[in-house]
Each structure stands twice: as C-alpha cells, then as structure tokens.
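Reading the structure
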Amino acid sequence: MCLKNREHSKLIMSLLFLIVLFAACKDLPKVETEQAATVEKRPNIIIIMADDLGYADVGFNGSTEITTPELDKLAANGMKFTSGYVAHPFCGPSRAALMTGRYPHTIGSQFNLPASSEAYGSSGITISETFISKMLQNAGYYTGAIGKWHLGDVPKYHPNNRGFQEFYGFLGGGHDYFPEDYTVKFAKQKASGQKFIFDYVKPLEHNKNVVSNPTEYLTDELSRKAVDFVNTASEKKNPFFLYLAYNAPHVPLQAKKEDMQMFSHIKDKDRRTYAAMVYAVDRGVGKLVESLKANNVLDNTLIVFLSDNGGKLTKGANNYPLKEGKGSTAEGGYRVPMFFHYPNEIESNSIFNYPITTLDFYPTFAALAKAEIPEDKILDGKNVWQSVVALENPRKDDYVFVMRHREGYTDVGVRQNQWKALKTKQQTWRLFNIDRDMGEEHDLSEQHMGQLKTMVKAAEKWSKTHSEPLWFDPESLSVDWEEKEMAKFNKTFKLDVK
Ligand code: CA
C-alpha cells in the first residue's frame, strides 16, 4: 500500500509538473501576443496644417465672426494649446522645422525656398536630415502627404523620397484654388514660351504624375484625397501618418460663392473671402473625421491641428490679442491656433497653457509610434507627451527661440516660462510677462533687467549653433547678408541699457 501510495504520489507530481510546464509553454506565445497588441495600439497620427491662419480666426480661440464648427468640436473633445509655437514666422522654414525637428537656422533653411528651384539651382531641405515621415515610415507607418510641400521640388527632395508613400498636391509655396482658372493660366504661360512657369498655376500631381482634368475647388479636392487616404490606410495592418497641409487661407484669396454667402455680414471683401476659405477647411476636416469614424479608427488617432505661422493682417487675418502677424517675432507671427484630439489618451476639454513647439513633434511622435530615432539625429525639441497628459510644464526654465532675418538686420523672440523677450525693427530689446500680457504691451525690461539679460545671452548662445543659409529669398538678401554682416549679430544681441 505504502509503495503504491508513493508511486501514486510520484504520478501526481509528474502530472502536476507537466501541467505547470504546459501552462508555462502556453504563456510564451501569450507574451508575444501582448507585445504585438502593444505595437498595434500605436496611434495613427494626422497633422492638419492650415497656412497663414490667424490665432483668433477659429471658433475654439473665440472667433464669432468666422465659424469653424468641426474644428471647435475636435478642440472641445481634446486639448487646446494656448501657447503653441511654430519655429519660424513664415512658411518654408516653419515646415522645415516640423519635418526635421531642428530650428531652420541650424540646417541652412532660414529662408523660403525660391519660387522656382529651376531658376535658382534646385534647392531643398538638406538630405542628411531624416524627416519625421521617414522616421515613422521606418517604424512601419503607412505615410501620406497631401497639399502644399514647399521643401524642395526636384526629385531628391520630393515627398515620395522623404518618407511619404503617397503624395497628392503641389511642390511650391502656394497654389491657385479654381482649376477652371489655373489650368487656363498654365496653358497660356506654357504657350507663351516663358522660361519659368509660376508655381501657383502648375498642375497638381499624384506621386510624380500630373493630375489631368482637375474639377474641384482646391481645398475640397485636398479634403477628398485625405478621406481616400484614410479609407485605404485603415484597411492596412499598420498604423498611418497623414500630413494634410492645406494652403488655405494663404493668398490668393479665392473662395467659393456659396461659402462667401455664409459670411455676407463681413463688409471687407478680403476678410469675407478669407473667412470663406477657412470655412472650407473646416468642412474638409469634418469629412475627414467622418471617415475616421466610419473606419472605426477615430479614438486611436492623434489629430494635431495648427497653422504654419501667424495670420497675415493685410490679407484678412486676425491674431487678436497677439501682436502683429505673419513674419513677425512678436507673438502674432509664430504663436498659432493649435489642438490635439486623441480620445484614447487625451481627456476632453483640456487646456494646455505651457509653451510647446512644433520642434517637439518629432521626438514626441517617435515615442508614441515606438519608432527609432536615427542615432546621429540632433533634435531641438523634446518628447513632451508625459507633460502634456499630466498638464505639466515640459520645459521649465528652458527656452523657445524664434528668429527672422530682414533686409540688413534680424528680429528675435525668446520665451522662457512666463517671460518673452522681443527684438524687432531695430528697436531696443523689450521684456513682457506673456502670461499676463499676451499682447506684448507693457515693457518690463527696466524692472527685470537681469531676466532680460539672461534671455538675450541665451539667444546669442543659440545663434552660435546656426549654419549659413543654403539659399536666400529674395536672392538679393545674399548681398545684405554679407555686406551688412547680418549673421554676425553685432547689433542684434547688443543690450542697450536705458
Ligand atoms: Ca504660411
């Protein structure tokens, strides 16, 4: 009996061991499945960039004159940024910074690319900089760019060669909106035999092929293509990245009649046209959101909305209460309307008041996408995700710089915590408490000279990381650059004490 019992116990022990072993082995593929699930949870990322849109020209920033119901819904269901900055107050350098995660001055992209690179030597954003799109593509994302490019128009700088599987749009710095007009203008310019055809009337393209017989108002066409992209991308196993760069409401001010009628209460024609152009963008965003919902991917998609720089005050825009507009280093030039919408991770009705910059997008999206950043990649921003979600300051005591070269001199802006130091129009440096004084009205430089000195010194140190421009726009600035010693900053960082 005793022996039998012992054998019986052995048998039970062996069975137990086998059961444990089986359970352990069964767990192995489970772990792998969990890892796969984590990877699959990576969000889709959509950047919707408007062009020259004013800070005050969206409902979510208080506009009652221009209605943007679709954008407002997204902002209300997500996080609005009140201190969202771009890295430059006009188009080309701002976009170069977004794509590379670098201040444009550090990679020779301080100026807009010339209107036609054929005329000025085939320039583009330096190839040694891996674009955010390429980084995400390398991590398995399906990538698309729709709309305005403005980062180089010869093959090596083409979006299809910089990390975008899909491209639909135009390569220059802007475009006319009505195909019945721009196709005729293009045909005329071509027939006249003129050497360089204006970028704004060139045919749209899809992956290097000319789009023949376009029929739609451009903003509507870009929106439709964005919907097509989402429909295709949602069928794929991997997440997607979409860069939807509307050229609206950038000039030429051209809007549809029915959209203009929506704003008949606005007397100024430029303002009325501009409002109608913004409304068309809003309609397109609504359609894009519908497609995300229909594909059941809205909750796991991070939608980032912003403008590439401030609104142009002479072309219908309003940046109130920010001072000045496009091109300026005052807040109106580079502090832009911005929100994140991402239901799975961001609570609705969130407001983020600390400064973030588009330079942060590269490292932040890389982290969300679990993507590898190239080892030698220099990044001027930081991964702000944890701070954003926790509503904490991601850059306490750290700086956000902006610099704009003018004809023979340089404007600068420096943000640190609640402070903004400003140098414009060859005036002396001024200092504002930007939390209390968004309009940069009350100069506090005399009361806080130590703070101002620290900020100017930091900006001067930063300026020593800059490279020579790879091109100038207009080309005549190359003469000013040399003869007026624009980049030697002997006057820019001189702090005249009153
Ligand atoms: Ca712009």
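The rules we used
- Residues numbered from 1 in each chain as written.
- Predicted model: local features only at pLDDT ≥ 70, side-chain atom pairs only at ≥ 80, totals over all residues.
- Heavy atoms only, no water.
- Pairing = 2+ DSSP bridges.
- Helix = DSSP H or I, 4+ residues; strand = E, 2+ residues; numbered from the N terminus.
- Contact = heavy atoms within 4.5 Å.
- Axes fitted to C-alpha atoms, helices over the stretch in contact; angles between N-to-C directions.
- 1 Å grid on protein atoms, 1.4 Å probe; cavity = no way out; pocket = protein on both sides within 12 Å on 5 of 7 lines; lining within 4 Å.
- Points joined across faces, edges and corners; volume = space filled by probe spheres on them.
- Nonpolar A, V, L, I, M, F, W, Y, C, P; charged D, E, K, R; others polar.
- Polar contact = N/O pair within 3.5 Å; in protein donor to acceptor, adjacent residues only side chain to side chain.
- Buried < 20%, exposed > 50% of the residue type's maximum accessible area, 1.4 Å probe, protein only.
- Parallel < 35°, antiparallel > 145°, perpendicular 65-115°, else oblique.
- Left-handed = near helix turned anticlockwise from the far one by under 90°.

This next bit is on the sheet that holds strand 10 (residues 338-341). Across the sheet, which stays open at both edges, the ten strands sit in the order 7-6-5-4-8-1-9-10-2-11 with mixed pairing between neighbours. A strand with exactly one partner marks an edge of an open sheet, and here the two such strands are strand 7 (209-210) and strand 11 (350-352). Inspection of the sheet shows strand 4 (residues 142-148) paired to strand 8 (residues 240-245) by six bridges, in the parallel sense. Among the inter-strand pairings, Ala145 is bridged to a residue of strand 8, identified as Tyr243. Taken strand by strand, helix 2 (residues 69-76) contacts strand 2 (79-81), strand 9 (301-307) and strand 10, and its axis lies near 65° from that of strand 10.

Let us now look at the environment of Phe111. Within the element layout of this structure, Phe111 appears in the loop between helix 3 (91-100) and helix 4 (117-120). Through-space distance from the C-alpha of Phe111 to that of Trp471 is 6.9 Å; in sequence the pair is 360 residues apart. What Phe111 contacts, discounting residues up to four positions off in sequence, is Phe90, Pro93, His405, Pro469, Trp471, Phe472, Asp473, Leu477 and Trp481.

What follows deals with empty space enclosed by the protein. Where empty space is left in the structure can be found by rolling a water-sized probe over the atoms. Using the criterion set out here, one finds three cavities of 30 Å³ or more in the structure. Considering only enclosed or pocket space, the largest cavity measures out at about 80 Å³ in volume. Looking at the lining of the largest cavity, its residues break down into five nonpolar, six polar and two charged.

Turning our attention to the side chain of Lys256. With respect to the helices, strands and loops of the structure, Lys256 is situated in the loop between strand 8 and helix 8 (257-262). Within the local environment of Lys256, its side chain forms a polar contact with the side chain of Asp220, the two groups lying 2.5 Å apart. Apart from the residues within four sequence positions on either side, Lys256 is in contact with Phe178, Tyr217, Asp220 and Arg283.

Strand order in the open sheet formed by four strands is 13-14-15-16, with antiparallel pairing between adjacent strands. The open sheet has two edge strands, strand 13 (399-405) and strand 16 (430-433), and neither has a second partner. Each adjacent strand pair in this sheet contributes to an overall mean axis angle of 15°, direction not counted. In this structure, strand 14 (residues 410-416) lies alongside strand 15 (residues 419-423), joined through five bridges in antiparallel fashion. By the bridge assignment, Gly413 is partnered in strand 15 with Leu422.

Residues Arg430 and Phe432 point to one face of strand 16 and Leu431 and Asn433 to the other, with burial holding for every one of them. Of the pairings in the sheet, the one linking strand 15 to strand 16 comprises four bridges and is antiparallel in character. Looking across to strand 16, one finds that Ala421 is bridged to Leu431. Connecting strand 15 to the next strand, strand 16, in antiparallel fashion are six residues, including Lys425 with a positive phi near 50°.

Attention now goes to the packing of helix 7 (residues 218-234) against helix 9 (residues 269-294). For any two helices packed against each other, one specifies the inter-axial angle together with the distance between the axes. Taken N-terminus to C-terminus, the directions of helix 7 and helix 9 make an angle of 15°; their axes are 9 Å apart at the nearest point. One element, helix 7, and the other, helix 9, form an angle in the roughly parallel class. Note that helix 7 runs across helix 9; the crossing there is right-handed. Across the interface between the two elements, Thr219, Asp220, Ser223, Ala226, Val227, Val230 and Asn231 of helix 7 pack against Ala280, Val281, Arg283, Gly284, Lys287, Leu288, Ser291 and Leu292 of helix 9. Per-class residue counts for the contact of helix 7 with helix 9 are seven nonpolar, five polar and three charged.

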